[in-house]
Amino acid sequence: MSSIKVALVTGAGRGIGRAVAARLAGDGWRVVATDREAPAEALPGVRFAQADVAEEAAVAALVADIRAREGRLDGLVSNAGFMIRKPLSALTLAEWNAVLATNLTASFLLLRAAEDLLRAARGAVVTMASTRAHQSEPETESYAASKGGLLALTHAAAISLGPEVRVNCVSPGWIDTQGEALRPQDHAQHPAGRVGRVEDVAALVAWLLGPEAGFVTGAEFRTDGGMTRKMIYAE
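Residues numbered from 1 in each chain as written. Predicted model: local features only at pLDDT ≥ 70, side-chain atom pairs only at ≥ 80, totals over all residues. Heavy atoms only, no water.

1. Here we look at the side chain of Asp 74
- Note on placement: Asp 74 falls in the loop between helix 2 (56-69) and strand 4 (75-78).
- Assessed through its relative accessible area of 4%, Asp 74 is described here as buried.
- The contacts of Asp 74, once residues within four sequence positions are left out, are Ile 4, Lys 5, Val 6, Trp 29, Leu 118, Ala 121, Gly 123 and Ala 124. (Helix = DSSP H or I, 4+ residues; strand = E, 2+ residues; numbered from the N terminus. Buried < 20%, exposed > 50% of the residue type's maximum accessible area, 1.4 Å probe, protein only. Contact = heavy atoms within 4.5 Å.)

What follows is the structure, given as structure tokens:
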């Protein structure tokens, strides 16, 4: 078996997931990246495996492929997720279920399928929640519920899988994932003085997967420029 550590990153076709995959590959990990659709450009040191992690059979096949080809799994970054934003009265049960399947249930499926590999490697898991698990804008019920559930799943898994496996959660705030045309006031409203970048999240994930975070498990890390600590009242 190779001594190179192996990480699986879901939702890695673009945005935060792609940045995490690139960071880990740059740090010397062998990275398996997965998404529903193949990325426009490959990343050096990253093997792409197309899969919909909301589907039980797809997750089983994905982990079996890693078991056969890499032979180990040291890190899991469960990042896949999406939002349906519409009035509660118009949100269908199928839409609600689709959001929870990708944003929440996929993490359960991945943890269950890869538990033995992660235990054998004394590995680490990072789930990707959101500051929307704590605060909301209108018409975001399914997304907020999925991310709140992910916080609870994270600490439950940390207790169940410890001490062999550490499980932590990252909750990003406003992260510029698409190169938006940001205004000065977008940056200025953040106590940190700017909107977040995907590299900010990737750096935190890399630390949580690494040995320096060996005493950290069951925790949530908000990377939001301080916005969830800021009182905002209309004047």
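There is more to say after this.
2. A short note on the pairing of strand 6 (residues 166-172)
- Along strand 6, seven of the seven residues are buried, which leaves the element largely enclosed by surrounding structure.
- On strand 6, burial covers both faces: Arg 166, Asn 168, Val 170 and Pro 172 on one face and Val 167, Cys 169 and Ser 171 on the other are all buried.
- Here strand 5 (residues 124-128) runs beside strand 6; their pairing, made up of five bridges, is parallel. Following the sheet pairing, Ala 124 is matched in strand 6 by Arg 166.
- Crossover handedness for the path strand 5 to helix 4 (residues 141-161) to strand 6: right-handed. (Pairing = 2+ DSSP bridges. Right-handed = clockwise from strand over helix to strand, strands pointing away.)

3. Observations regarding the pairing of strand 5
- Burial analysis of strand 5 places five of its five residues in the buried class, which makes it a mostly covered element.
- The side-chain alternation of strand 5 yields two buried faces, one formed by Ala 124, Val 126 and Met 128 and the other by Val 125 and Thr 127.
- Relative to strand 5, strand 4 runs parallel, the two sharing four bridges. For Ser 78, the partnering residue across the bridge sits in strand 5 and is Thr 127.
- For the segment spanning strand 4, helix 3 (residues 93-121) and strand 5, crossover handedness is right-handed.

4. Remarks on the pattern of salt bridges
- Going through the model one piece at a time under the given rule, you end up with 16 salt bridges.
- For Asp 27, the salt bridge is made with Arg 23, and the minimal N-O distance between the two is 2.9 Å.
- Given the relative accessible area of 44%, Asp 27 is considered partly exposed.
- Salt-bridge contacts for Arg 222 lead to Glu 220; the nearest nitrogen and oxygen are separated by 3.9 Å.
- Residue Glu 220 is classed as partly exposed on the basis of its relative accessible area of 27%.
- The network of salt bridges with shared partners includes Arg 30, Arg 47, Asp 65 and Glu 70. (Salt bridge = Lys/Arg side-chain N within 4 Å of Asp/Glu carboxyl O.)

5. Regarding the nonpolar core
- Within the largest apolar cluster, 30 residues are counted, with the highest numbers of intra-cluster contacts made by Val 20, Leu 24, Val 31, Val 77, Val 170, Val 205 and Leu 209.
- For this core, the secondary-structure elements that each account for two or more residues are strand 1 (6-10), helix 1 (15-26), strand 2 (30-34), strand 5 and helix 6 (198-209).
- Broken down by element, this core gets its largest block of residues, eight residues, from helix 6.
- When near neighbours in sequence (up to four residues on either side) are disregarded, Val 205 contacts Val 20, Val 77, Val 126, Met 128 and Val 170.
- Counting 25 residues, the second-largest nonpolar core is a separate cluster that includes Val 6, Val 59, Ala 80 and Leu 109. (Core = buried A, V, L, I, M, F, W, Y, C linked by side-chain atoms within 4.5 Å.)

6. With respect to the layout of surface pockets
- Considered as a void within the structure, the largest pocket measures approximately 1,500 Å³ in volume.
- Looking at the largest pocket, it is lined by 46 residues, and the ones nearest its centre are Met 83, Tyr 143, Gly 173, Ile 175 and Thr 177.
- Broken down by secondary-structure element, the contributors of at least two residues to the lining of the largest pocket are helix 1 and helix 4.
- The element best represented in the lining of the largest pocket is helix 1, accounting for three residues.
- Across the lining of the largest pocket, the residue classes break down as 17 nonpolar, 18 polar and 11 charged. (1 Å grid on protein atoms, 1.4 Å probe; cavity = no way out; pocket = protein on both sides within 12 Å on 5 of 7 lines; lining within 4 Å. Points joined across faces, edges and corners; volume = space filled by probe spheres on them. Nonpolar A, V, L, I, M, F, W, Y, C, P; charged D, E, K, R; others polar.)

7. Quick word on the environment of Trp 174
- Summarising the element assignment, Trp 174 is placed in the loop between strand 6 and strand 7 (175-176).
- A relative accessible area of 31% places Trp 174 in the partly exposed class.
- Considered as a pair, Trp 174 and Ala 157 are 17 residues apart in the sequence and their alpha carbons are 27 Å apart.
- Residues within four places of Trp 174 in sequence aside, it is in contact with Glu 180, Leu 182, Asp 186, Gln 189, His 190, Val 195 and Gly 196.

8. Focus on the packing of aromatic side chains
- Evaluated as defined, the whole model comprises one aromatic pair.
- Taking the centre distance of 6.1 Å and the plane angle of 75 degrees together, the rings of Trp 207 and Phe 221 count as edge-to-face. Taken as a pair, Trp 207 in helix 6 and Phe 221 in strand 9 (residues 220-223) lie far apart in primary sequence, 14 residues in all. (Phe/Tyr/Trp six-rings, centres within 6.5 Å; stacked < 30°, edge-to-face > 60°.)

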